[in-house]
Amino acid sequence: MKQTNSIFKIFTALAIGLSLFACNSDKHLTLSDPVQGQSIEDYVESQPFSGSVMMVKNGEILLSRGFGLADRGKNTENRANTGFLIGSVTKQFTAMAMLILQERGQLSLDDPLSLYLPDFPKAEKITLMNLLNMSSGIVNYTALPNFADYKYTELTPQALIAKFSDHDLEFEPGSKYQYSNSNYVIAGFIIESVTGLSYAEFIEREIFLPLGMANSGYGYMATNPEFALGYGDGKPVNKINMTIPYAAGALASTAEDLYKWHIALNQRQLISEQSTHLMFTPFLAGYALGWSISTNNKGDEFHQHSGGIDGFSSYLLRSDDLDYFVVVLSNDEDFPSAQLANKITSMALSK
């Protein structure tokens, strides 16, 4: 039990830094511990949680349901198939798109950025791999002082890149890890440049459709009647323009669809074993390609990422070694989704 708790304390600490935008979640709300004999479902029910949870261990669904309200004004309940913005969990799909294109010979992760953005400062020193593993040195645009000035404005990928391209690199590419959403904005632009499709079209065509992720898409998905309304400080939040998070955080999904994603990763349905290994190989600070990687004292490997975006908080954790998956999706930006996943994972893996 101590070993399981220890590894997931690490995950929770990592998750705070792996979101699209700064959020309040783990800083202000501490969840209670489960009591002896309490079921996982009863424990989640006892917390101030609004969202969906799905947990699967050894192919057995331990929990799959919604909690709280998707729309407090209409008294609409969250369900297992309710849609949520997933914030930076988007990054693993962007990384997958890049790996698909590499396997098709349309790009190489060893390519210099100068092949795609020749005017970007020091682009010849930055590789596509540096973008995906957060070692490029490019400044994080969502942390710049002027970010709030345009977050509700529609921008093209080129215009969004222009918001941070005049800043110097913060370190020599490849020498250091530093989380920056800018890396994945550039990756989205490259996907569009190589394929001639929009980022949203490519993800839909090459990932969501083949995997049957029918309730996943780009942005708020107004066509999905089950989509949750996002809240912050107890009130509905203003909707950020989804061209701003773009390939760093604009996707939406459901707990059920994200389990299909987990299965696809486990079965290598989209890319080869070699590319999958590359996706989950950590570089600096345990960050791989759109995933943070950790192992427990037994050597079991875990892949995780959190997502925080206006009105929503998410956390996905999986392990092929333990045949385990959990996702927590909340329509409350202040809720500590990583903390909840930590606690219920400790309950599930200690049995």
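So, how was this worked out
- Residues numbered from 1 in each chain as written.
- Predicted model: local features only at pLDDT ≥ 70, side-chain atom pairs only at ≥ 80, totals over all residues.
- Heavy atoms only, no water.
- Helix = DSSP H or I, 4+ residues; strand = E, 2+ residues; numbered from the N terminus.
- Rg over C-alpha atoms; globule rule 2.2 N^0.38 Å.
- Buried < 20%, exposed > 50% of the residue type's maximum accessible area, 1.4 Å probe, protein only.
- Contact = heavy atoms within 4.5 Å.
- Lys, Arg positive; Asp, Glu negative; His and termini not counted.
- Charge placed at Lys NZ, Arg CZ, Asp CG, Glu CD.
- Pairing = 2+ DSSP bridges.
- Axes fitted to C-alpha atoms, helices over the stretch in contact; angles between N-to-C directions.
- Expected span 1.5 Å × (residues − 1).
- Core = buried A, V, L, I, M, F, W, Y, C linked by side-chain atoms within 4.5 Å.
- Salt bridge = Lys/Arg side-chain N within 4 Å of Asp/Glu carboxyl O.
- pLDDT = per-residue confidence, 0-100.

Trainee: I keep staring at the overall build of the protein chain and nothing clicks. Help me out?
Mentor: Across its full length, the protein chain carries 13 helices and 13 strands. In terms of overall dimensions, the protein chain is globule-like: its C-alpha atoms have a radius of gyration of 19 Å, near the 20 Å expected for 351 residues. In terms of its C-alpha atoms, the protein chain occupies a principal-axis envelope of roughly 60 × 45 × 35 Å. Across the 351 residues of the protein chain, 59% fall into the buried class. Contacts in the protein chain between residues far apart in sequence, at least 24 positions, make up 69% of those at least 6 positions apart. A distance of 5 Å separates the average location of the 24 positive side-chain charges in the protein chain from that of its 37 negative side-chain charges.

Trainee: Looking at this structure, I do not really get the pairing of strand 11 (residues 301–309). What am I missing?
Mentor: Where a strand is regular, its side chains alternate between the two sheet faces. Counted residue by residue, strand 11 has 8 buried out of 9 residues, so it is predominantly covered. Across 4 bridges, strand 10 (residues 292–295) lies against strand 11 in antiparallel orientation. The residue of strand 11 that forms the bridge with serine 294 is phenylalanine 302. Where strand 10 folds back on strand 11, the antiparallel hairpin that results is connected by 5 residues, among which glycine 299 adopts a positive phi of roughly 90°. Where strand 11 meets strand 12 (residues 312–319), 7 bridges bridge the pair, whose relative direction is antiparallel. In the sheet register, serine 306 faces strand 12, and the bridge partner there is tyrosine 315. The turn linking strand 11 back onto strand 12 is made up of 2 residues, and glycine 311 within it adopts a positive phi angle of 90°.

Trainee: When you look at the sheet that holds strand 6 (residues 217–218) in this model, what are you seeing that I'm missing?
Mentor: Each strand in a sheet pairs with its neighbour through backbone hydrogen bonds, running either in the same direction (parallel) or in the opposite one (antiparallel). One open sheet accounts for 3 strands, arranged 5-9-6; its pairing is antiparallel. Pairing within the sheet leaves two strands with one partner each, and these edge strands are strand 5 (84–85) and strand 6. Where strand 5 and strand 9 (residues 251–253) come together, 2 bridges link them in antiparallel fashion. Along strand 9, the bridge assignment pairs leucine 85 with alanine 252.

Trainee: So what exactly am I meant to see when it comes to the sheet that holds strand 2 (residues 60–67) here?
Mentor: Here we have 6 strands laid out as an open sheet, ordered 2-1-13-12-11-10, and antiparallel in their pairing. Edge positions in the open sheet fall to strand 2 and strand 10, since each of these has one partner strand only. When the angles between neighbouring strand axes are averaged without regard to direction, this sheet yields 10°. Summarising the sheet, strand 1 (residues 51–57) and strand 2 pair through 7 bridges and their orientation is antiparallel. Note on strand 2: the bridge partner recorded for valine 56 is isoleucine 61. The sheet contacts of helix 11 (residues 255–267) involve strand 1, strand 2, strand 12 and strand 13 (324–330), and relative to strand 13 the element is tilted by about 150°. In this fold helix 13 (residues 337–349) packs onto strand 1, strand 2, strand 11, strand 12 and strand 13, with an angle of close to 150° to the strand it touches most, strand 13.

Trainee: What is the right way to read helix 8 (residues 181–195) from this model?
Mentor: One turn of the α-helix equals 3.6 residues, which is why residues spaced by three or four share an orientation. Its 15 residues place the ends of helix 8 22 Å apart at the C-alpha level, agreeing with the 21 Å of an ideal helix rising 1.5 Å per residue. Burial of helix 8 is extensive: 11 of the 15 residues sit out of reach of the surface. Of the surrounding elements, those touching the buried residues of helix 8 are helix 4 (90–103), helix 5 (128–132), helix 7 (157–162), helix 9 (199–211) and helix 10 (246–249).

Trainee: Before we go on, may I ask you to explain the nonpolar core in this structure?
Mentor: Across soluble globular proteins, you tend to see nonpolar side chains buried next to one another. Counting residues in each nonpolar core, the largest one holds 88 residues, and the members touching the most others are Phe120, Phe164, Ile186, Ile190 and Trp261. When residues in this core are grouped by element, the largest group, 8 residues, is from helix 4. Ignoring any residue separated from it by four or fewer positions in sequence, one finds isoleucine 186 in contact with Leu113, Leu117, Phe120, Leu131, Ile138, Ile161 and Phe164. The next biggest cluster of nonpolar side chains, apart from the first, holds 23 residues, and it includes Phe302, Tyr315, Tyr324 and Val328.

Trainee: Please clarify how the pattern of salt bridges should be interpreted in this entry.
Mentor: Applying the stated criterion across every chain yields a total of 11 salt bridges. Measuring nitrogen to oxygen at the nearest pair gives 2.9 Å for the salt bridge that ties arginine 65 to glutamate 41. One end of the pair, arginine 65, is in strand 2; the other, glutamate 41, is in helix 3 (residues 40–45), and 24 residues separate them in sequence. Arginine 65 sits in the partly exposed class, given a relative accessible area of 24%. Note on glutamate 41: relative accessible area 35%, which makes it partly exposed. In this structure, aspartate 257 engages lysine 260 in a salt bridge whose closest nitrogen and oxygen atoms are separated by 3.8 Å. Placement of both aspartate 257 and lysine 260 in helix 11 is noted, with a separation of 3 residues, approximately one turn of the helix. Residue aspartate 257 is classed as buried on the basis of its relative accessible area, which comes to 2%.

Trainee: So what exactly am I meant to see when it comes to the confidence of the model for the protein chain here?
Mentor: Close inspection of predicted coordinates is inappropriate in any region flagged by low pLDDT. Within the protein chain, residue pLDDT values average 92, and 92% of them lie at 70 or more. Predicted confidence is poor over residues 1–16, with pLDDT under 50, and the contacts of this stretch with residues over four places away or in other chains come to 37 contacts. Considering only residues more than four positions removed or in separate chains, one finds that residues 22–27, a stretch of pLDDT under 50, has 11 contacts.

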